Amino acid sequence: MDRFTRVPISNQDPKVRATNFDEVCLGYTEEEAVKEAKRCLQCKKPSCRPNCPVNINIPEFIGHIAEGEFEEAAHALAKYTALPAVCGRVCPQETQCESTCVLGKKGEPIAIGKLERFAADWAREHNIDVGKTKEKNGYKVAIIGSGPAGVTCAGDLAKEGYDVTIFEALHESGGVLIYGIPEFRLPKEKVVKPEIENLKKLGVKIENNVIVGRTVTIDDLIEKEGFHAVFVGSGAGLPMFMGIPGENLNGVFSANEFLTRNNLMKAFREDYDTPIKVGKKVAVIGGGNVAMDAARTALRLGAEVWIVYRRTEEELPARVEEVHHAMEEGVKFEFLTSPIEVIGNEDGWVKAIKCQRMELGEPDASGRRRPMPIEGSEFEFDVDTVIMALGTSPNPLIPATTDGLDINKRKCIVADEVGQTSREGVFAGGDAVTGSATVILAMGAGKKAAQGIDKYIKEKYEK
Ligand code: FAD
Ligand code: SF4
């Protein structure tokens, strides 16, 4: 066996998958997983582990896979993460644990994410119960939002014996995992829902269709319903727009709306009564993971799709794997291009976008070279749908309805390293605090906040 070469993983054929919503990556077989795991050097001081935001003992779980001990591998993962099948699929491992794997110096790093996915899938397929909880301790904690931050905080507290209730605005639980990331990257029935069910097995209650700040306030939860602490994991779901003329035309979507209508409202399924009008030609504005997801979704709904991005391929913020998959499937890219107007027809529907070519100047505050418009380079581009994937910010509802909860200039809740906010007993973490980030960072914040809440409650009520 070549120690430096990764065991390849199978994907659905690009031509076939561009027409369906089934998962793109098919995962390792048992034999492939064992072979890949055997490449791991089981480093005494593993350089991969410090780069995992939830500190998974990576050599431990990979060592079990190498020995064919798949159940033990799943237990080793469960000590640190409530969502291994999700993280194995969507975490940017190439910039985290895998980026510092020692094998990467001379060859290909261990496929840590794909092995995590394998162990989690194997445990689910074999009905392995990985959750253990302590006896109930009598304290109640409310969690707002069922995304990765809320789910992780809830799971860790339930394991410690807390009586945990999640309040979720939507009718389904999982946050972006359920409404944002498409089925072909993260299957809902097969992967997300079972991980949410595991949480319920730990005793966590989930109340859907509850908008905190409308249905109930944080003050009500503490003062009337007797919760000893609250964790706010309400994410960053408020879309940003460019502020250019024509953005209010029919046929302009935010990526969040487009993806939610497809993922949560199942617009892609003929047996649902909530379709979406995608049109024949679609421009997606932006270059992050959300833009790739919107573009690949529009493609699967039958459109010809362009990503319009103001920098070059090199600066694309999306994961390399996602860009590669989008290109393989037939998404086209207009680099160094920025829209300046959306043009409509007489009925108020989009018919084109007016764009401007850009060139890269000196680096800006983000360290990336600043795109500068080229004078006289304007051109029109016929499209019938425009999807804005320009980023999101936290919804202001919770801070606006909670006295003493400070936010910063970016509308994010201010919290310290264990999630304590300016309001006693109220903790926060994930995208609501950092702005739009990643699943694993949200999970890391949920984990730290669980420790912060445990300490706060014990110090306050047991002295
Ligand atoms: P969220 O997942 O946003 O969950 C917040 C939850 O709170 C939601 O369910 C919301 O309905 C609920 N909520 C909000 N307000 C209230 C309220 N007032 N009352 C009750 N409930 C409320 N990250 C990656 O690591 N890899 C990827 O590949 C990736 N792809 C992405 C693709 C898309 C399309 C998007 C949008 C994001 C992607 N991300 C990815 C980012 C990642 O999903 C987020 O960083 C992560 O989900 C944040 O977790 P969270 O728990 O903080 O918030
Ligand atoms: Fe294995 Fe790489 Fe981590 Fe070493 S650094 S333990 S080889 S995954």
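So, a few notes on the structure that sits alongside this text. (Residues numbered from 1 in each chain as written. Chains lettered and ligands numbered in written order. Predicted model: local features only at pLDDT ≥ 70, side-chain atom pairs only at ≥ 80, totals over all residues. Heavy atoms only, no water.)

### Points about the packing of helix H11 (residues 255-263) against helix H12 (residues 289-300)
In a packed pair of helices, the relevant descriptors are the angle between the two axes and the axis-to-axis distance.
Phase 1: It is the contact of H11 with H12, at a shortest axis distance of 10 Å, that shows an interaxial angle of 50°. Relative to H12, the element H11 lies oblique. Between H11 and H12 the crossing geometry is left-handed. Here H11 contributes Ala255, Phe258, Leu259 and Asn262 to the contact with H12, which in turn contributes Val290, Asp293, Ala294, Thr297 and Ala298.
Phase 2: For the contact of H11 with H12, the per-class residue count stands at six nonpolar, two polar and one charged. (Axes fitted to C-alpha atoms, helices over the stretch in contact; angles between N-to-C directions. Helix = DSSP H or I, 4+ residues; strand = E, 2+ residues; numbered from the N terminus. Parallel < 35°, antiparallel > 145°, perpendicular 65-115°, else oblique. Left-handed = near helix turned anticlockwise from the far one by under 90°. Contact = heavy atoms within 4.5 Å. Nonpolar A, V, L, I, M, F, W, Y, C, P; charged D, E, K, R; others polar.)

### Side note on the site of ligand 1
Phase 1: As a matter of local geometry, ligand 1 sits amid 34 residues, with Val90, Ala149, Glu168, Arg185 and Asp431 nearest to it.
Phase 2: Residue arginine 185 places a side-chain N or O atom 2.8 Å away from an oxygen atom belonging to ligand 1.
Phase 3: Measuring from a nitrogen atom of ligand 1, one finds a backbone N or O atom of valine 212 at 2.9 Å.
Phase 4: In isolation ligand 1 offers 1000 Å² of accessible surface; the protein chains occlude 94% of this area.
Phase 5: For the shell around ligand 1, the elements supplying multiple residues, two or more each, are helix H7 (148-159), H12 and helix H16 (439-461).
Phase 6: No other element matches the three residues that H12 contributes to the shell around ligand 1.
Phase 7: Of the residues assigned to the shell around ligand 1, the class counts are 19 nonpolar, eleven polar and four charged. (Near = heavy atom within 4 Å. Polar contact = N/O pair within 3.5 Å; in protein donor to acceptor, adjacent residues only side chain to side chain. Areas by Shrake-Rupley, 256 points an atom, 1.4 Å probe, with all protein chains shown as cover.)

### Quick look at a negative patch on the surface
Phase 1: Residues Glu67, Glu69, Glu71 and Glu72 make up a contiguous surface patch of negative charge.
Phase 2: Positionally, glutamate 69 belongs in the loop between helix H3 (58-66) and helix H4 (70-78). (Patch = residues over 30% accessible without salt bridge, like charges linked within 9 Å, V, L, I, M, F, W, Y side chains within 5 Å. Salt bridge = Lys/Arg side-chain N within 4 Å of Asp/Glu carboxyl O. Lys, Arg positive; Asp, Glu negative; His and termini not counted. Charge placed at Lys NZ, Arg CZ, Asp CG, Glu CD.)

### Topic: the sheet that holds strand E4 (residues 229-232)
Phase 1: If you trace the five strands from one edge of the open sheet to the other, you get E3-E2-E1-E4-E16, paired in parallel fashion. Edge positions in the sheet fall to strand E3 (205-207) and strand E16 (426-428), since each of these pairs with one other strand and no more. With direction set aside, neighbouring strand axes in the sheet form an average angle of 20°.
Phase 2: By the bridge criterion, five bridges tie strand E1 (residues 140-144) to strand E2 (residues 163-167) in an arrangement that is parallel. Residue pairing across strands places lysine 140 opposite aspartate 163, the latter belonging to E2.
Phase 3: The strands that H16 touches are E1, E4 and E16; relative to E4, the one it contacts most, it runs at about 165°. (Pairing = 2+ DSSP bridges.)

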